[in-house]
Amino acid sequence: MSEYDYLIVGAGLYGATFARQAADAKKRVLVIDKRDHIGGNVYTESIENVVVHRYGAHIFHTNSERAWNYVNRFATFNRFTNSPVANYKGELYSLPFNMYTFNKMWGVTTPDEAKAIIEKQRDEAGITEPKSLEEQAISLVGTDIYEKLIKGYTMKQWGRECDKLPAFIIKRLPVRFTFDNNYFNALYQGIPVGGYTDMVANMLKGIEYRLSTDYLANKEEFESLADRVVYTGPIDAYFNYELGALKYRSIRFDTEVLDTPNYQGNAAVNYTDSETPYTRIIEHKWFEFGKDRNGDDIPKTVISREYSEEWEVGVEPYYPVNDDENAELYSRYKALADKEGNVIFGGRLGEYKYYDMDAVILAALDKASMALKGDFVVKW
Ligand SMILES: Cc1cc2nc3c(=O)[nH]c(=O)nc-3n(C[C@H](O)[C@H](O)[C@H](O)COP(=O)(O)OP(=O)(O)OC[C@H]3O[C@@H](n4cnc5c(N)ncnc54)[C@H](O)[C@@H]3O)c2cc1C
């Protein structure tokens, strides 16, 4: 008999959710992660008394009551609302595009005036079938918004000019003819008080885990420990890249402590021109409750500049590249994965898929309840 029922590779949200469900079903579970911390990409750490999101800003938002109730078992959420600001060469605009944005851009004050300008610009551009991201954006929001708020930012994000990017990248753009600058259209939204690491620690309470432990470095030894494996690392790395490497976009975070209580007055400021090398600056303290006090209770601040970068094997992968070539390569890896009887591939890297946090938790809950069928399972 193996020592464990489940070996879970990865202590991110997928791994932690699956581990919790399996442990609640009285399974013997071991979680390992090659990083020196739990939480995967939602990991937060305290720097100068500020909760810092090491792998990029994470705002929990969902329309699923099931996902919301589940995370609230492990954390108290604050009422953070994501309202980013765009900085275009010193001009500040409200995001997502809403009546505040249109008022600043054109001086209009009513939805009808704003709609009329967008329609006029669309007609003038005369695009019937958008062939590039540039044409798609102009046909959705007109030329002014495209030039100032989309063009430079998107170019930096993808490392290519917008007229060389495919139209499908932006099927829709959030455009609101109301004075509503709440970025996410979600019923529930917030950030765990104290950060995500505490939340994941609560999910893993009572479950054995080992850090700085790479599954692929000792695969056979680990396999012999458990009856089943849940693998949340990169699917191509599991197969030693035998069909080639799946492509990602990466991000470099340049984090700095500043000797001022308030650097930019908002959690996220996007730099939408093409000259500024970073895409945005995150000021982490504004994710936390207490912002009304102007931050004076914490005399310093921590900011992260985000640089979007090309990815290569060995660099941290962030966003899967959803083009035909990579979709086809993934489907070939998936066919190999389906033959690995005792291994469940899950999460953003295991399924080569962009998942929001709520979606990855729901996916893990569904997979766990299927895998644990017949056993005692806490239903969520
Ligand atoms: C920049 C950025 C911002 C985001 N912001 C938001 C947001 O605001 N809201 C939202 O809902 N979602 C957001 N997301 C998505 C969110 O990060 C994911 O939904 C979530 O982190 C996925 O969890 P996971 O468990 O699948 O992957 P991960 O968190 O990556 O966990 C996988 C774990 O597996 C470990 N691992 C890999 N290989 C091995 C190995 N060989 N051995 C041992 N361990 C291994 C890794 O170290 C890692 O800890 C954002 C994503 C990015 C990239």
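Residues numbered from 1 in each chain as written. Predicted model: local features only at pLDDT ≥ 70, side-chain atom pairs only at ≥ 80, totals over all residues. Heavy atoms only, no water.

1. A closer look at the packing of aromatic side chains
- Taken as a whole and assessed by the stated rule, the structure comprises 27 aromatic pairs.
- With a centroid separation of 5.9 Å and an interplanar angle of 45°, the aromatic rings of Tyr-215 and Tyr-231 are classed as tilted. Residue Tyr-215 is located in the loop between strand S9 (208–210) and helix H8 (219–223), and its partner Tyr-231 is located in strand S10 (residues 226–231); the two are separated by 16 residues in the primary sequence.
- The exposure class of Tyr-231 is buried, given its relative accessible area of 2%.
- Residues Tyr-238 and Phe-345 carry aromatic rings whose centres are separated by 4.9 Å and whose planes lie at 80° to one another, so their mutual orientation is edge-to-face. Placement of the pair is Tyr-238 in helix H9 (residues 235–238) and Phe-345 in strand S16 (residues 343–345), with a sequence separation of 107 residues. (Phe/Tyr/Trp six-rings, centres within 6.5 Å; stacked < 30°, edge-to-face > 60°. Helix = DSSP H or I, 4+ residues; strand = E, 2+ residues; numbered from the N terminus. Buried < 20%, exposed > 50% of the residue type's maximum accessible area, 1.4 Å probe, protein only.)

2. What to know about the site of the ligand
- In the vicinity of the ligand there are 34 residues, among which Asp-33, His-58, Arg-348, Tyr-355 and Met-357 approach most closely.
- Within the backbone of Ala-57, an N or O atom sits 3.1 Å from a nitrogen atom of the ligand.
- Note that a nitrogen atom of the ligand is positioned 3.2 Å from one of the side-chain N or O atoms of Tyr-354.
- Computed on the free molecule, the ligand has an accessible area of 1,000 Å², of which 96% lies beneath the protein chains in the complex. (Near = heavy atom within 4 Å. Polar contact = N/O pair within 3.5 Å; in protein donor to acceptor, adjacent residues only side chain to side chain. Areas by Shrake-Rupley, 256 points an atom, 1.4 Å probe, with all protein chains shown as cover.)

3. With respect to the packing of helix H1 (residues 13–24) against helix H7 (residues 196–203)
- Between H1 and H7, the shortest axis-to-axis distance is 9 Å and the interhelical angle comes to 30°. Viewed along their axes, H1 and H7 adopt a mutual orientation that is roughly parallel. Along its contact with H1, which presents Leu-13, Ala-16, Thr-17 and Arg-20, the element H7 presents Met-199, Val-200, Asn-202 and Met-203.
- Class assignment of the residues belonging to the contact of H1 with H7 gives a composition of five nonpolar, two polar and one charged. (Axes fitted to C-alpha atoms, helices over the stretch in contact; angles between N-to-C directions. Parallel < 35°, antiparallel > 145°, perpendicular 65-115°, else oblique. Contact = heavy atoms within 4.5 Å. Nonpolar A, V, L, I, M, F, W, Y, C, P; charged D, E, K, R; others polar.)

4. Quick notes on the domain arrangement of the protein
- Each assigned domain of the protein is listed with its residue range as follows: domain 1 (4–80 + 193–245 + 321–372) and domain 2 (85–170).
- Once you take the C-alpha centre of each, domain 1 and domain 2 turn out to be 36 Å apart. (Domains from an automatic or database assignment.)

5. Some thoughts on the sheet that holds strand S1 (residues 4–9)
- With respect to topology, five strands assemble into an open sheet ordered S9-S2-S1-S10-S16, the strand pairing being parallel. The sheet terminates laterally at S9 and S16, the two strands that pair on one side only. Direction aside, the axes of adjacent strands within the sheet are offset by 20° on average.
- Note: S10 against S16, three bridges, orientation parallel. The residue of S16 that forms the bridge with Val-230 is Ile-344. (Pairing = 2+ DSSP bridges.)

6. What to know about the environment of Tyr-70
- Of note, Tyr-70 is situated in helix H2 (residues 65–72).
- Residue class for Tyr-70 comes out buried when judged on its relative accessible area of 0%.
- The spacing of Tyr-70 and Ile-361 is 291 residues in sequence and 8.6 Å in space, taken between C-alpha atoms.

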